[in-house]
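# A look at the structure
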Amino acid sequence: QVQVEESGGGFVQNGGSLRLSCAASGTIFGRGDMGWYRQAPGKERELVAGISSGGNPIYADSVKGRFTISRNNVRRTADLQMNSLKPEDTAVYYCRLLYAGTAFWGQGTQVTVSS
């Protein structure tokens, strides 16, 4: 069974930075696509950034130029570096591993940006 776990959330002031990390167990990590999603209260979960098994990143327009996704297939981690954070970035952030049509989700980590 694949397990996915996020870490690195917290409280930061407007304009600050945080780095989220996602660790996944199992040997499929290197062949799966990784994604960071977020869900704010009263809103639907949305894709923030993704990175394919080949290392190609994609970003939501709202975070382009501020967030950077990366992955390390040896350590089986996928990180999200978040700079210039805004109050509207406040949400629970989730990591997802997608492999062969099956999605594995973490429990989420809270990010709160004060104004």
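Scope of this entry: the structure provided in the associated data block. (Residues numbered from 1 in each chain as written. Predicted model: local features only at pLDDT ≥ 70, side-chain atom pairs only at ≥ 80, totals over all residues. Heavy atoms only, no water.)

## A short note on the nonpolar core
One finds Trp-36, Leu-80, Met-82 and Tyr-93 to be the most contacted residues of the largest nonpolar core, which totals 30 residues. Elements with a minimum of two residues in this core: β3 (18-24), β4 (33-39), β5 (46-51), β7 (67-72), β8 (77-82), β9 (91-99) and β11 (109-114). In contact with Met-82, not counting residues within four places along its chain, are Gly-16, Ser-17, Leu-18, Leu-20, Arg-66, Phe-67, Tyr-93 and Val-111. (Core = buried A, V, L, I, M, F, W, Y, C linked by side-chain atoms within 4.5 Å. Buried < 20%, exposed > 50% of the residue type's maximum accessible area, 1.4 Å probe, protein only. Helix = DSSP H or I, 4+ residues; strand = E, 2+ residues; numbered from the N terminus. Contact = heavy atoms within 4.5 Å.)

## So, the pairing of β5
Judged from the five bridges that link them, β4 and β5 form a sheet pairing that is antiparallel. For Trp-36, the partnering residue across the bridge sits in β5 and is Ala-49. The antiparallel hairpin formed by β4 and β5 contains six residues in its connecting segment, where Gly-42 sits at a positive phi of about 80°. Here β5 pairs with strand β6 (residues 57-59) via three bridges, running antiparallel. In the strand pairing of β6, Ala-49 is matched with Tyr-59. Here β5 hands over to β6 after five residues, with Gly-55 in that stretch at a positive phi of 95°. (Pairing = 2+ DSSP bridges.)

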